[in-house]
Amino acid sequence: MQLIWHPSPNFGDRREGLVPQWIVLHYTAMDSAGEALERLCDPQAEVSAHYLIGSDGMLWQMVDEPCRAWHAGAGQWQGLDDVNSRSIGIELDNRGNHPFAEPQMAVLEAMLPQIMERWSIPAEGVIGHSDSAPGRKFDPGPRFDWARLVRQGLAVPRHRDH
Ligand SMILES: [Zn+2]
């Protein structure tokens, strides 16, 4: 798994000494990973994520894990807000209306256990953006194969009506 460091200026400190307790999965809803990378590193856009995985399995890191990336926006999970201060954000290069590519899923499955181990995040802590911002966000969406992650102990079954 080759990681390309592509720093984004869009990050800050986690508030109140918080550490990651969730991993939030997203789709980019853009036409290419290059386009997404540009946006996630554009100071005007004021968005970022820790990682971006291309459909071909290319892996970019934009923000250091101890820092607070700007991927989740308003929302909450388990009654707690400031999702960005409590999570690692992973963007998946996908427009949202088609299957997630095999090389991309393989890289995600290889990196999730490492992040979970590093921060002691249980399978329950691997969530979708739509879980923390229901009604406002729909990613990673109905095409994302949650069952595949569940089978490997990398997520838990959860009812999602979207
Ligand atoms: Zn998202």
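If you're wondering where the values come from, they're calculated on a predicted model, not measured in any experiment. (Residues numbered from 1 in each chain as written. Predicted model: local features only at pLDDT ≥ 70, side-chain atom pairs only at ≥ 80, totals over all residues. Heavy atoms only, no water.)

**Notes on the coordination of the zinc ion**
Around a metal, the ideal angle is 109.5 degrees if four donors adopt a tetrahedral arrangement and 90 or 180 degrees if six donors adopt an octahedral arrangement. In plain terms, the rule: Any nitrogen, oxygen or sulfur atom within 2.8 Å of a metal ion counts as a donor, with the limit raised to 3.2 Å for Na, K and Ca, and since water is left out, coordination shells can look unfinished. Runs of E in the DSSP output that reach at least two residues are strands. Runs of H or I that reach at least four are helices, and both are numbered from the N terminus.
His26 (ND1), His129 (ND1) and Asp139 (OD) make up the full set of protein donors to the zinc ion, lying at 2.0 to 2.1 Å. Mapping the donors of the zinc ion onto the primary sequence gives the spacing H-x102-H-x9-D. Here His129 lies in helix H3 (residues 129-132) and His26 lies in strand E3 (residues 22-27), a separation of 103 residues in the sequence.

**Let's talk about the pattern of salt bridges**
Short version of the rule: Each reported salt bridge corresponds to a side-chain nitrogen of Lys or Arg within 4 Å of a carboxyl oxygen of Asp or Glu. Whether a residue is buried, partly exposed or exposed follows from its accessible area with a 1.4 Å probe, protein chains only, as a fraction of its type maximum: under 20%, in between, or over 50%, in that order.
By the definition in use, this model includes five salt bridges. With a closest N to O distance of 3.5 Å, Asp82 and Arg15 form a salt bridge. Of this pair, Asp82 sits in the loop between strand E6 (68-69) and strand E7 (87-92) while Arg15 sits in the loop between strand E2 (11-12) and E3, and the two are 67 residues apart along the sequence. The class of Arg15 is partly exposed, set by a relative accessible area of 45%. Notably, a salt bridge pairs Glu102 with Arg148, separated by 2.8 Å at the nearest N-O pair. Placement of the pair is Glu102 in helix H2 (residues 102-119) and Arg148 in helix H4 (residues 146-151), with a sequence separation of 46 residues. What you see here is one network of salt bridges that share partners, running through Arg15, Arg68 and Asp82.

**So, the environment of Ala110**
Examined against the element boundaries, Ala110 turns out to sit in helix H2. Expressed as a C-alpha distance, the spacing of Ala110 and Ser120, which sit 10 residues apart in the sequence, is 16 Å.

**Topic: the nonpolar core**
Cut-off, in case you're wondering: What we call a nonpolar core is a set of buried Ala, Val, Leu, Ile, Met, Phe, Trp, Tyr and Cys residues that are connected through their side-chain atoms within 4.5 Å. The contact rule is simple, with two residues in contact once any of their heavy atoms fall within 4.5 Å.
Of all hydrophobic cores here, the largest spans 26 residues; its most connected members are Ile23, Leu25, Ile90, Leu108, Leu112, Phe144 and Leu149. Listed by contribution, the elements that provide at least two residues to this core are E3, strand E4 (51-53), E7, H2 and H4. The biggest single contributor to this core is H2, with seven residues. Not counting residues within four places of it along the chain, the set of residues in contact with Ile90 comprises Ile23, Val24, Leu25, His26, Tyr51, Ile53, Leu108, Met111, Leu112 and Ile115.

**Comments concerning H2**
How we decide: To estimate how far a helix should reach, multiply one less than its number of residues by 1.5 Å.
With 18 residues, H2 ought to run about 26 Å at 1.5 Å a step, and its terminal C-alpha atoms sit 26 Å apart, in line with that. Of the residues making up H2, those classed as buried are Gln104, Met105, Val107, Leu108, Glu109, Met111, Leu112, Ile115 and Met116.

**Considerations on the side chain of Asp93**
Defined as follows: Charged residues are defined narrowly, with Lys and Arg counted positive, Asp and Glu counted negative, and His plus the chain ends left uncounted. Nitrogen and oxygen atoms within 3.5 Å of one another constitute a polar contact, given that in protein one can donate a hydrogen and the other can accept it, and given that sequence-neighbouring residues count only through two side-chain atoms.
With respect to the element layout, Asp93 can be found in the loop between E7 and H2. Of the side chains bearing the opposite charge, Arg95 lies closest to the buried Asp93, which forms no salt bridge; the N-O distance is 6.8 Å. At a separation of 3.1 Å, a polar atom in the side chain of Asp93 contacts the main-chain amide nitrogen of Ser55. Discounting residues that sit within four places of it in the chain, Asp93 has contacts with Thr28, Met30, Ser32, Ala33, Leu52, Ile53, Gly54, Ser55 and Gln104.

**Remarks on the sheet that holds strand E1 (residues 3-5)**
So the rule is basically this: Strands are treated as partners if at least two bridges between them are detected by DSSP. For every element, the axis is a line fit to its C-alpha atoms; helices are fit only across the contacting stretch, and the angle between N-to-C directions ranges from 0 to 180 degrees.
As summarised here, the arrangement of the six strands in space is E1-E5-E4-E7-E3-E8, forming an open sheet in which the pairing is mixed. In the strand order of this sheet, the two ends are held by E1 and strand E8 (126-128), each with one partner. Sheet twist, expressed as the mean angle between neighbouring strand axes with direction ignored, is 25°. Of the strand pairs in this sheet, E1 and strand E5 (residues 59-61) are connected by three bridges, and their pairing is parallel. By the bridge assignment, Ile4 is partnered in E5 with Trp60.

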